[in-house]
Amino acid sequence: MNMTILLLAHYDQAPPGATCCLVIVHKHPTSCASMAEVMSVLFFHTMRYKLSAPRDASSDRFILSKGHAAPILYAAWAEAGLFPKEELMNLRKIDNDLEGHPTPRLNFVDVATGSLGQGLSVACGMAYVGKYFDKASYRTYCLIGDGESAEGSIWEALSFAGIKKLDNLVAIFDINRLGQSEPTAFQHDMDTYRMRLESFGFNTLVVDGHDVEALCKAFYEASQAKEKPTAILAKTYKGKGFPSIEDEENWHGKPLGGKAEETIAAVQAQIQNAGPNQLVPQKPLQEDAPEVNLTNIQLSSPPNYKKGDKVATRQAYGTALSKLAENNSRVIALDGDTKNSTFSNAMLKTDSSRYIECFIAEQNLVGVGIGTACRDRTVAFVSTFAAFFTRAFDQLRMGAISQTNLNCVGSHAGISIGEDGPSQMALEDLGMFRSIPGCTVFYPSDAVSTERACELAANTKGICFIRTSRPGTDVVYDNNHKFEIGKANVIRSSGDDKVLVIGAAITLREAQSAADQLAGEGVNLRLMDLFTIKPIDKDAVIANAKECGGRIIVVEDHYPEGGIGEAVKSAVALERNIIVKHLAVPSVPRSGKCDELLEMFGISAKAIVEAVKEIQSL
């Protein structure tokens, strides 16, 4: 049987030194061995936590950013007594939650890791909440592999942590010299790591990562740092203590095979006290995190608009954000230096302490947002241009695996933004967010529906995306209109409608113009606003299409792939006698005025009129 071993060293009071227990695992033994002493000191000397409630609000946080070393995380919690050590034998089995990389299916894991380079951003969000919102004594620890430190998102997070003076954050770099396929860029050049970390404003400590006493001292020094986050640069060796494997290449992620027995014997020889109950008593936990209520979050006042007024939905988002923040002190806003365009700067007037500027670093922006929402400490609204969320797709993908509750608001959607040109135009965003499991996708068409979308998102589990637009659009709803997730709204109808036209925001405006024109020719259109693209109101789409002779036109300010049109086509795919004509932006656009672009790329009122005539002839 191919087996690997995990060396889990832990601190023993007299004298300081490594002791260990053996755990049979099947993957990444060398990556686990390099961080064994770090984990032992953290879990059995430094961190404060409750076994009865691993995600307790007042307990220290730990993020294993190098998620492939999951076996040592599981072993640490088993050694601490959270679950029987025998359970570790079920690692990676389909009916067990000890998966190959950590996920929050486990009650001691806050976020999923394994897509490298993301843990530190999440840890920054947790630490920010601890220092500035909870004002509590808990600390946040993040263990990062030296290989993953090549990721730009790590350096975005380091910059953020230094700027925000997160002195309750400790970033531990496991510098074991070896990556997956070859040595890392800087191997054991500790001076280069130290200078880089110091340049980001970190209290930086270089230690022997296998020296338990040195690690204890380093974590103590970190606890005394003020106005600076701490980085512990631990010089370690991959496969530490494994004969003929330690510090050797080509062992990443591999089972030990024929070397298992020899390695187990070598590790057993290092055990100083193998008896039970040899762990250092848990340090007392200061239960000083305040109670938080994130339920039934409402606008402080209902929408207050007049039908026909032109209001940009991005501006309505700012109004809604302010109203939600007025009514609940845990509603927060994060942005990436676009707050005067997304209108998230409304939070600055309501409560500037609840606005987090993340600067132009969208991967870290989303990661910090996920961190702030962990353990239900805040309701986070993260905003930027919708196009720039594509840069953070991996963070969003991992956020879904992490069961995170995060509200993303993307402005400047589509070609309707005008002269700024295609680099600023979100034309893929609906497809991206629709592809994320469990994501709710809002596309409000006016100011009233935007405010209610924000209110609904604040109370909805999972990732929510709210797409907002730059140009003003007519207010079409009464202020007291009731909106529901997954419920479409018909905003124009008659008893003799020939075609169902589905649009949103700017294209709904164009559809209204087309309907006015065709009504003069005796052709009535029914206009539908989906409100949420995911989930889509399948029943309403089908029922209204049948009442309109089975003819649907979808017109959207988005590329054809992944947007409203494909959602509608999926909804009616098994229905007989329904035809869908899809108008979307067919190619990469260019700069120009809004109306010129709508005309050029075939989503204008004129294009809708032509489509109606075409579909009626089919």
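Since this is a predicted model, take the numbers as computed values, not measurements.

1. Side note on the side chain of threonine 460
Tracing the chain through its elements places threonine 460 in the loop between α15 (447-458) and β14 (463-467). Looking at threonine 460, its side chain comes within polar contact range of the main-chain oxygen of leucine 456, at 2.6 Å. Sequence-distant contacts of threonine 460, defined by excluding residues within four places in its chain, comprise Thr440 and Ile485.

2. Focus: helix α20 (residues 605-616)
With twelve residues, α20 should reach 16 Å at 1.5 Å per residue; the first-to-last C-alpha distance of 17 Å fits that figure. Buried positions along α20 lie against β17 (497-503), α16 (506-519), β18 (524-529), β20 (551-555) and β21 (579-583).

3. Considering the UniProt feature "domain: Transketolase-like pyrimidine-binding" (unreviewed entry) in the protein
Following the UniProt record, the feature "domain: Transketolase-like pyrimidine-binding" (unreviewed entry) maps to residues 311-475 here. As annotated, residues 311-475 has a helix share of 39% and a strand share of 21%, and its two end C-alpha atoms lie 7 Å apart.

4. A few points about the environment of asparagine 489
Considering the arrangement of structural elements, one finds asparagine 489 in strand β16 (residues 489-492). C-alpha separation for the pair asparagine 489 and leucine 530, spaced 41 residues apart in sequence, amounts to 6.2 Å. If we ignore the near neighbours within four places in the chain, the residues touching asparagine 489 are Tyr477, His481, Phe483, Leu527, Met528, Asp529 and Phe531.

5. Structural notes on the sheet that holds strand β9 (residues 331-335)
Pairing within the open sheet is mixed, and its seven strands lie in the order β10-β9-β11-β12-β14-β13-β19. With one partner strand each, in any of the chains shown, β10 (355-357) and β19 (532-534) form the two edges of the open sheet. In this sheet, neighbouring strand axes are inclined to one another by 20° on average, regardless of whether the strands run parallel or antiparallel. Here β9 runs beside β10; their pairing, made up of three bridges, is parallel.

6. Quick notes on the nonpolar core
Residues Leu120, Phe173, Phe433, Ile502, Ile552 and Ile564 are the most contacted members of the largest nonpolar core, which totals 83 residues. With nine residues, helix α4 (residues 119-133) is the single largest residue contributor to this core. Beyond its immediate stretch of four places on either side in the chain, isoleucine 502 contacts Met528, Leu530, Val541, Ile552, Ile553, Val554, Val555, Ile564 and Val568. Ranked by size, the runner-up nonpolar core spans 45 residues in total, among them Val41, Leu73, Tyr141 and Ile232.

7. Comments concerning the packing of helix α12 (residues 362-373) against helix α13 (residues 393-401)
Helix packing geometry: the angle between the two helix axes and the distance between the axes. Orientation of α12 relative to α13, taken along the N-to-C sense of each, is 20°, at an axis distance of 8 Å. Judged by the inter-axis angle, α12 sits roughly parallel to α13. Helix-helix and strand crossings are classified by hand; for α12 and α13 the assignment is right-handed. In this structure, α12 uses Gln363, Val366, Gly367 and Ile370 to contact α13, whose residues at the interface are Gln395, Leu396 and Gly399. Looking at side-chain class alone, the contact of α12 with α13 contains three nonpolar, four polar and no charged residues.

8. Let's talk about the packing of aromatic side chains
One pair of aromatic rings is described through two measures. These are the centre distance and the angle between the planes. This model, assessed by the stated rule, comprises 22 aromatic pairs. Where phenylalanine 43 meets tryptophan 77, the ring centres are 5.3 Å apart and the plane angle is 85°; that geometry is what we call edge-to-face. Placement of the pair is phenylalanine 43 in helix α2 (residues 36-46) and tryptophan 77 in helix α3 (residues 70-80), with a sequence separation of 34 residues. By the burial criterion, phenylalanine 43 is buried, and tryptophan 77 matches it. Between tyrosine 128 and phenylalanine 133, the aromatic rings sit 5.6 Å apart at their centres with planes inclined by 70°, giving edge-to-face as the arrangement. Each member of the pair, tyrosine 128 as well as phenylalanine 133, is classed as buried.

9. Comments concerning helix α17 (residues 538-547)
Structurally, the α-helix is built with 3.6 residues per turn, so residues lying three or four positions apart point the same way. When α17 is considered as a whole, its buried residues turn out to be Ala540, Val541, Ile542, Asn544 and Ala545. Looking at the buried side of α17, the elements it contacts are β16, β17, β18, β20 and α18 (564-571). Glycine 549, located one to two residues past α17, shows a positive phi value of around 75°.

10. Comments concerning the sheet that holds β20
Across the sheet, five strands lie side by side as β16-β18-β17-β20-β21; this open sheet has mixed pairing. The sheet is open, and its two borders are formed by β16 and β21, each paired with just one other strand. Strand-to-strand twist of the sheet, defined as the mean angle between neighbouring strand axes without regard to direction, takes the value 25°. As paired elements, β20 and β21 share five bridges and run parallel to each other. Its bridge partner being in β21, valine 555 is matched across the sheet by leucine 583.

11. Remarks on the pairing of β18
For β18, a buried count of five out of six residues is recorded, marking the element as mostly surrounded by other parts of the structure. In terms of strand pairing, β16 meets β18 through three bridges, oriented antiparallel. If you follow arginine 492 over to β18, its bridge partner there is leucine 527. Bridge analysis of β17 against β18 gives six bridges, and the strand direction is parallel.

12. Description of the confidence of the model for the protein
Residues of the protein with pLDDT of at least 70 account for 94%, and the chain-wide mean is 93. Confidence drops under pLDDT 50 across residues 1-25; counting only partners more than four residues distant or on other chains, this segment forms 97 contacts.

13. Details of unusual backbone geometry
Put simply, lysine 534 and proline 535 share a cis peptide bond, and its omega is 0°. Inspection of the secondary structure assignment puts proline 535 in the loop between β19 and α17. In this structure, lysine 135 is a non-glycine residue whose phi angle is positive, near 50°. Along the chain, lysine 135 turns up in the loop between α4 and β4 (140-145). In this structure, phenylalanine 531 is a non-glycine residue whose phi angle is positive, near 70°.

14. Concerning the packing of α4 against helix α5 (residues 152-163)
The interhelical angle for the contact between α4 and α5, taken along N-to-C directions, is 20°, at an axis separation of 8 Å. With respect to α5, the axis of α4 lies roughly parallel. Judged by the twist between their axes, the crossing of α4 over α5 is left-handed. Where α4 abuts α5, its residues Leu120, Ser121, Cys124 and Tyr128 lie against Ser153, Ile154, Ala157, Leu158, Phe160 and Ala161. For the contact of α4 with α5, the residue count by class is eight nonpolar, two polar and no charged.

15. Some details on the pairing of strand β3 (residues 61-64)
Along any regular strand the residues' side chains alternate between the sheet's two faces. Burial along β3 is two-sided: Arg61 and Ile63 facing one way and Phe62 and Leu64 facing the other are all buried. Judged from the four bridges that link them, β3 and β4 form a sheet pairing that is parallel. Bridge pairing links arginine 61 to threonine 140 in β4.

Definitions and cut-offs
Just so you know, the residues in each chain are numbered from 1, in the order the chain's sequence is written. In keeping with the model being predicted, local features are shown solely for residues with a pLDDT of at least 70 and side-chain atom pairs are shown and tallied solely at 80 or more, while totals for entire chains, interfaces and linings include all residues. Side-chain measures were taken over the full set of non-hydrogen atoms in the model, leaving aside hydrogen atoms and water. Comment: elements are numbered from the N terminus, with helices defined as DSSP H or I runs of at least four residues and strands as E runs of at least two. By the criterion applied in these results, polar contacts are pairs of N or O atoms within 3.5 Å in which, for protein atoms, one can donate a hydrogen and the other can accept it, and in which residues neighboring in sequence qualify only through two side-chain atoms. By the convention used here, residues are in contact when the closest approach between their heavy atoms is within 4.5 Å. What a helix should span is 1.5 Å times the count of its residues minus one. UniProt positions are given in the numbering used here, feature names are shortened, and annotations may be inferred rather than shown by experiment. By this definition, two strands are paired if DSSP reports at least two bridges between them. Here, axes are lines fitted to C-alpha atoms. For helices the fit covers the stretch in contact, and angles between N-to-C directions go from 0 to 180 degrees. What is meant by a nonpolar core is a set of buried Ala, Val, Leu, Ile, Met, Phe, Trp, Tyr and Cys residues, joined one to another through side-chain atoms within 4.5 Å. Relative accessibility thresholds used throughout: buried, under 20% of the residue-type maximum; exposed, over 50%; partly exposed, between the two (1.4 Å probe, protein chains only). Our angle categories are set so that under 35 degrees counts as roughly parallel, over 145 as roughly antiparallel, 65 to 115 as roughly perpendicular, and the remainder as oblique. Left-handed is the label given to a crossing in which the near helix is rotated counterclockwise from the far helix by less than a right angle, and right-handed is the label when the rotation is clockwise. Gly is placed with the polar residues, together with every amino acid not listed as nonpolar (Ala, Val, Leu, Ile, Met, Phe, Trp, Tyr, Cys and Pro) or charged (Asp, Glu, Lys and Arg). Whether two aromatic rings pair depends on their centres lying within 6.5 Å, for rings of Phe, Tyr and Trp, where Trp uses its six-membered ring; planes under 30 degrees apart make the pair stacked, over 60 edge-to-face, and the rest tilted. For every residue, the predictor assigns a confidence score, pLDDT, that lies between 0 and 100.

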